[in-house]
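Chain and residue survey
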Amino acid sequence: MLKKIKNFLNTNIFFLILLTIVVFSLYGKSISFEETGFDDTSLITKNINFISNYKNIPKLFIMSPYYDNFTTYYRPMLSVSFAIEAFFVRNNLRLYHITNIILFILSLYLFYLFCIELKLNSVITKFVLLIVAVHPMFVSVVAWIPGRNDSLLTVFYFSSFIFFIKYLNTQKIKYAFLFGLFFVLSLFTKETFIVLILLYFVYLFLFEHEIQKKKLLFLFFSLVPFVLAFFFLRSYAVYTFGYEHYALKISVITLNFIKYIFIYVYNFFVPEYIPTMLFNVSLSLKTVVYNLLFISVILFALYKKMLSKKIFVFSILLVFLALSPTFLQEDVVYLNHRFIVCSLGIIMIIVSAFEYLISNFEKIKIFFIICSIILFVSLFLFSYKQEDKYKDSETFWVNAYVDSPENVLTCKNLARIYLDRGMLKEAEHFMKKTIELKSNYGTLIDYARFLIMTGDMEQAETALLQLENDMKKGKDFVYYPLSIIYYKKQDYKKAEYYALMAYEINRYDMNYCKQLIKIYDVTEKYDEELKVYEQLSGYDKRNKEYKNKITELKERIKNRETKNA
């Protein structure tokens, strides 16, 4: 009996169960968290009518994750994941948070399986991954709903890699098919995958496998049509920069890469404080010293042959390649969830080094176990507290501003928080700071909305009419606040005109639909109001409010017709 228990404790299934218990114990409270107002509103709530309609899933492959065509991100599988949840529960965020937890568990478990495929010590790998499971650096991957983009990529990418290795070992068709399936899913999850494709070839170079070159060529060439389809759909779906855009900014990109990779590595090894986001940062002497120390230890381990050269090369390339696309932006925002894919590189280096130390120095084993337990408990408590930063919009943006006071997003959202509290002077201060930091169409529209909320309709109207003339795309963001202005002025004809203009651009936006309903109700255009409610009821057939309103409007229309007759 004891032997059976001991054997079970050594199985992969038990490790998966243990991971699940640990992660749910830590992140269970996040299931009840609200929106942060950082992308989740745009990706889910604002467009819930669109994504909850399963017929729109094919459209997700020809638009950005913000459901437009003028941003630069192309991540259809992220949108599909939200669409599946929205179909079942609409914007009940509990399921979204549960999905994030499950994706994180699967990510860690796939890290484990990948390490096993590379012949790393399974017991040491389990210890290290349990510590990573409670590391505060990955709180945003779980507690922040859009943070799943990188855990989703992790699941698909390392699934593809594991099946790729299995195919090399067995040359079975089923593994080739599964490799291809997860390859394509990775491709449409995040653009980072494009550079990560190189790692398949790096693996082939570093680790020997007996397989015919013809089979490998056929395997990869069969995926070329999918890669071409990706680039074609992406060029149609989002705005893309030319290569010259990046060539002109190579010095900025290089500097950002060095700065931020040092910060990521430092926060991984010294998680004394984990920011929600950082912007326009400079390296501290402490960060540089710790990174140089880490590099020195790695070089020493290589020199003393304490670390596998193959593991080292593969791991370092994984870290660099996984992070590199982040720095193609000039205004880089440091976000912790981006580190999860490349964290496996550091995990593999740690496991490889300790494998050598434990096998050669018996006392290191006790030291490793004791340190692992202390780290696990300490990081668990730290992460449990860190998690609360994502519990609602106000908490998130207050913490984000503390970490990044010169960021447009933090200032704009802090202004909104003060405005909601009725603290107009403070709200105006942060709104003006937003404009000072970055004056573009987006911030000017936000300022116009601020003016509406403070009652300065004339100045807001002037600003928005000017933006209407200047802007070429995204005019619904101008039409909607203009409709609000004219509604407040009781100029219902203009209010209806601009509400319809916004509605025609995006019929799924809840705000646009509700604005039309308000206008039709006050102008007694019950037939038109009924059409909008019937549309909303089509999106959400379980909504009793919509059904009751439809019944009420039909009665009003019937009574009016009877009266006129």
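Going by the structure above, here's the rest.
Rules of the game
Residues numbered from 1 in each chain as written. Predicted model: local features only at pLDDT ≥ 70, side-chain atom pairs only at ≥ 80, totals over all residues. Heavy atoms only, no water. Axes fitted to C-alpha atoms, helices over the stretch in contact; angles between N-to-C directions. Helix = DSSP H or I, 4+ residues; strand = E, 2+ residues; numbered from the N terminus. Parallel < 35°, antiparallel > 145°, perpendicular 65-115°, else oblique. Left-handed = near helix turned anticlockwise from the far one by under 90°. Contact = heavy atoms within 4.5 Å. Nonpolar A, V, L, I, M, F, W, Y, C, P; charged D, E, K, R; others polar. Patch = residues over 30% accessible without salt bridge, like charges linked within 9 Å, V, L, I, M, F, W, Y side chains within 5 Å. Areas by Shrake-Rupley, 256 points an atom, 1.4 Å probe, with all protein chains shown as cover. Salt bridge = Lys/Arg side-chain N within 4 Å of Asp/Glu carboxyl O. Buried < 20%, exposed > 50% of the residue type's maximum accessible area, 1.4 Å probe, protein only. Core = buried A, V, L, I, M, F, W, Y, C linked by side-chain atoms within 4.5 Å.

Attention shifts here to the packing of helix α9 (residues 148-170) against helix α10 (residues 173-187). With their axes 8 Å apart at the nearest point, α9 and α10 run at an angle of 155 degrees to one another. Looking at the two axes, α9 sits roughly antiparallel to α10. Seen from above, α9 lies across α10 with left-handed handedness. Contacts from Leu153, Phe156, Tyr157, Ser159, Ser160, Phe163, Phe164, Lys166, Tyr167 and Thr170 of α9 reach α10 at Tyr175, Ala176, Leu178, Phe179, Phe182, Phe183, Leu185 and Ser186. The residue makeup of the contact of α9 with α10, split by class, is 13 nonpolar, 4 polar and 1 charged.

Next up on the list: a nonpolar patch on the surface. Residues Met1, Leu2, Ile5, Phe8, Leu9, Ile13, Ile17 and Ile21 make up a contiguous nonpolar surface patch of roughly 830 Å² in combined accessible area. Listed by contribution, the elements that provide at least two residues to the nonpolar patch are α1 (2-9) and α2 (12-27). Of the residues forming the nonpolar patch, the biggest block, 4 residues, is contributed by α1. Its place among the elements puts Leu9 in helix α1. According to the relative accessible area criterion, Leu9 is partly exposed, its value standing at 39%.

The next subject is the nonpolar core. Counting 184 residues, the largest nonpolar core has Phe114, Phe161, Phe164, Leu196 and Tyr200 as the members making the most contacts within it. Once residues lying within four places of it in the same chain are set aside, the contact partners of Tyr200 are Tyr157, Ser160, Phe161, Phe164, Phe179, Phe183, Phe193 and Phe220. By size, the runner-up hydrophobic cluster in this structure holds 8 residues, among which are Ile298, Leu302, Met306 and Phe312.

With that settled, the discussion passes to unusual backbone geometry. One non-glycine residue, Arg90, lies in positive phi territory at about 50 degrees. As for its placement among the helices and strands, Arg90 is situated in the loop between α5 (76-89) and α6 (93-117). Unusually for a residue other than glycine, Lys119 sits at a positive phi of about 65 degrees. You can see Lys119 is positioned in the loop between α6 and α7 (122-133).

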